[in-house]
Amino acid sequence: MSSTRNRRPTPAVTPNQTPLLQRRLKTKPALAVMAILLLGNMIWFIAWLIPNKDHEIGSDEQVAAIGGDVITRQEWMIAMEERYGKETLQNLVNETVMEKAAKAYKIKVTDQEIDLELALMRSAQDKFDTTMQNLSAPQLRQKIRSQLILDKVLTKDVVINEDKVEQYYEENQGLYNTKTSYRTNFIEVESKKAADEALNELKNGSDFSVLAREISVDSASASLGGDIGFLTENQENIDPAIINAVKSLKATEVSKAYKLDNGHYGIVQVQEVLEGQSFTYDDVKEHIKRELALEQLPQSVTPEAFWSEFNATWYYGESKKEK
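Residues numbered from 1 in each chain as written. Predicted model: local features only at pLDDT ≥ 70, side-chain atom pairs only at ≥ 80, totals over all residues. Heavy atoms only, no water.

1. Some points on the overall build of the chain
Here's step 1: A count of helical and extended segments in the chain gives 11 helices and eight strands.
Here's step 2: Buried positions account for 43% of the 323 residues belonging to the chain.
Here's step 3: Long-range contacts, defined here as pairs at least 24 residues apart, represent 76% of the contacts in the chain between residues at least 6 apart.
Here's step 4: For the chain, the exposed area adds up to about 18100 Å²; of that, 50% sits on carbon and sulfur atoms. (Helix = DSSP H or I, 4+ residues; strand = E, 2+ residues; numbered from the N terminus. Buried < 20%, exposed > 50% of the residue type's maximum accessible area, 1.4 Å probe, protein only. Contact = heavy atoms within 4.5 Å. Areas by Shrake-Rupley, 256 points an atom, 1.4 Å probe, with all protein chains shown as cover.)

2. A short note on the side chain of Ser 216
Here's step 1: Turning to its location among the elements, Ser 216 is positioned in the loop between α8 (208-215) and α9 (219-222).
Here's step 2: A polar side-chain atom of Ser 216 sits 3.1 Å from the main-chain amide nitrogen of Glu 188.
Here's step 3: Apart from the residues within four sequence positions on either side, Ser 216 is in contact with Phe 186, Ile 187, Glu 188, Leu 211, Ser 221 and Ala 222. (Polar contact = N/O pair within 3.5 Å; in protein donor to acceptor, adjacent residues only side chain to side chain.)

3. Some remarks on the nonpolar core
Here's step 1: Grouped together as the largest cluster of nonpolar side chains are 23 residues, with contacts concentrated most on Val 97, Met 98, Ile 144 and Phe 306.
Here's step 2: Within the residue set of this core, elements represented by two or more residues are α3 (73-104), α4 (111-124) and α5 (137-155).
Here's step 3: Those residues in contact with Met 98, other than ones at most four positions away along the chain, are Ser 146, Ile 149, Leu 150, Pro 303 and Phe 306.
Here's step 4: Core analysis: the second largest hydrophobic core is formed by 15 residues, Ile 243, Val 246, Leu 249 and Val 268 among them. (Core = buried A, V, L, I, M, F, W, Y, C linked by side-chain atoms within 4.5 Å.)

4. Considering helix α11 (residues 281-295)
Here's step 1: Its 15 residues place the ends of α11 20 Å apart at the C-alpha level, agreeing with the 21 Å of an ideal helix rising 1.5 Å per residue.
Here's step 2: Those residues of α11 that fall on the buried side of the exposure criterion are Tyr 281, Val 284, His 287, Ile 288, Arg 290, Glu 291, Ala 293 and Leu 294. (Expected span 1.5 Å × (residues − 1).)

5. Considerations on the sheet that holds strand β4 (residues 181-189)
Here's step 1: Strand order across the open sheet formed by four strands is β5-β4-β7-β6, with antiparallel pairing between neighbours. This sheet does not close on itself; its edge strands, each paired only once, are β5 (227-232) and β6 (258-259).
Here's step 2: Note: β4 against strand β7 (residues 265-274), nine bridges, orientation antiparallel. Across the sheet, Tyr 182 pairs through a bridge with Val 273, a residue of β7. (Pairing = 2+ DSSP bridges.)

6. Some words on the packing of helix α6 (residues 162-171) against α11
Here's step 1: The N-to-C vectors of α6 and α11 enclose an angle of 115°; their axes lie 9 Å apart at closest approach. Taken together, the axis directions place α6 and α11 in an arrangement best described as roughly perpendicular. Crossing handedness for the pair α6 and α11: right-handed. Every residue of α11 that contacts α6 at Glu 162, Lys 164, Val 165, Glu 166, Tyr 168 and Tyr 169 is listed here: Tyr 281, Val 284, Lys 285, Ile 288, Lys 289 and Leu 292.
Here's step 2: Taken together, the residues that form the contact of α6 with α11 break down as seven nonpolar, no polar and five charged. (Axes fitted to C-alpha atoms, helices over the stretch in contact; angles between N-to-C directions. Parallel < 35°, antiparallel > 145°, perpendicular 65-115°, else oblique. Left-handed = near helix turned anticlockwise from the far one by under 90°. Nonpolar A, V, L, I, M, F, W, Y, C, P; charged D, E, K, R; others polar.)

7. Focus on the pairing of β5
Here's step 1: Counting buried positions over the six residues of β5 gives six, a clear majority of the element.
Here's step 2: Of the pairings in the sheet, the one linking β4 to β5 comprises four bridges and is antiparallel in character. Following the sheet pairing, Tyr 182 is matched in β5 by Leu 231.

8. Focus on a negative patch on the surface
Here's step 1: A cluster of acidic side chains, namely Asp 163, Glu 166, Glu 170 and Glu 171, defines a negative patch on the protein surface.
Here's step 2: With respect to the helices and strands, the residue Glu 166 is situated in helix α6.
Here's step 3: Classification of Glu 166 by relative accessible area gives partly exposed; the value is 36%. (Patch = residues over 30% accessible without salt bridge, like charges linked within 9 Å, V, L, I, M, F, W, Y side chains within 5 Å. Salt bridge = Lys/Arg side-chain N within 4 Å of Asp/Glu carboxyl O. Lys, Arg positive; Asp, Glu negative; His and termini not counted. Charge placed at Lys NZ, Arg CZ, Asp CG, Glu CD.)

9. Quick word on the pattern of salt bridges
Here's step 1: Under the criterion given, the structure shown has 13 salt bridges.
Here's step 2: Between Glu 61 and Arg 73 there is a salt bridge, with the nearest N and O atoms lying 2.6 Å from each other. Separated by 12 residues along the polypeptide, Glu 61 in the loop between α2 (29-49) and β1 (62-66) and Arg 73 in helix α3 bring together distant segments of the chain.
Here's step 3: Of the residues examined, Glu 61 reaches a relative accessible area of 27% and is grouped as partly exposed.

10. As for helix α10 (residues 240-247)
Here's step 1: Taken together, the buried positions of α10 are Ala 241, Ile 242, Ile 243, Ala 245 and Val 246.
Here's step 2: Its buried side turned inward, α10 meets β4, β5, β6 and β7.
Here's step 3: Looking at where α10 begins, the residue whose side-chain oxygen comes 2.9 Å from the main-chain nitrogen of Ala 241 is Asp 239.

11. Digging into the packing of α5 against α11
Here's step 1: Orientation of α5 relative to α11, taken along the N-to-C sense of each, is 65°, at an axis distance of 10 Å. Judged by the twist between their axes, the crossing of α5 over α11 is left-handed. Within the contact between the two elements, α5 uses Leu 148, Asp 151, Lys 152, Leu 154 and Thr 155 and α11 uses Arg 290, Ala 293 and Leu 294.
Here's step 2: Among the residues making up the contact of α5 with α11, the classes are represented as four nonpolar, one polar and three charged.

12. Notes on the packing of aromatic side chains
Here's step 1: Counted according to the given criterion, the structure contains five aromatic pairs.
Here's step 2: Seen from their ring centres, Trp 307 and Trp 314 are 5.1 Å apart, and the 85° between their planes marks the pair as edge-to-face. This pair shows no difference in class: Trp 307 is buried, exactly as Trp 314 is.
Here's step 3: Through pairs of rings, three or more aromatic residues link up here, namely Trp 307, Trp 314, Tyr 315 and Tyr 316. (Phe/Tyr/Trp six-rings, centres within 6.5 Å; stacked < 30°, edge-to-face > 60°.)

Bear in mind that shape data such as this cannot, by itself, settle questions of function.
In structure tokens form, the structure reads like this:
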């Protein structure tokens, strides 16, 4: 069994914080982003596939062949549009609708608020969403911005007693004190010899993520280029050898080979280091107030509910209706 299996830590959750955490993981950027993150990049990929007018590429251009059967660029493009086009366009429309809603309802979202949401997402999740690696930092921030606009529009008229906000903060301060975390890539091999060979390849210019896909025996992380998310010191269900290796590295550095509990050998690369933070009551007051207000709504609401208000139309028909 590979060492990274069953490595997800269980966050300490008190009875008082359970409903808020459950709601946040359902409606805040964590799952909202999770559901659509990978699709966010597809529009750029599709655009790249579309032939440029300056190039004489016909729709019958061959892009693959299997025996005597040919797959053309046109067939490829149609399949891409059918599988990803609708969701990608829907995301773009939603983001634009939310920007219009921000203007109409005089909603402001600051960079500090987005920074806070990012930090809290990382502290609330045992593993940073693997699909996030497919989004650039600006794309991720835009997703969070759109969600914050939606939440602020929905809760703008909900009144929350200040005492309840203070009580929640006092009872759940652990949520607002985040530890230093290390975005980590991981390679696991069966022997010291294989680990040394991998290190030599890395020294000679091999890309860590490509090498992880090729040789790592930890299939779960190998399929993601070795990405095992954000790790923190004393994190449960993580091989201590991995944590010790990560703590000694700076961003972009690669560790030496080290022995794992299962007898295999590991190598890690730190992609990014996020310093721990402690958020005061004033830092998170509006965040908590908004979360408590969302708990009072009778049902969840998505950006599609605002399409008709802002006269949104799209390729697939009339304004999308909220079900």
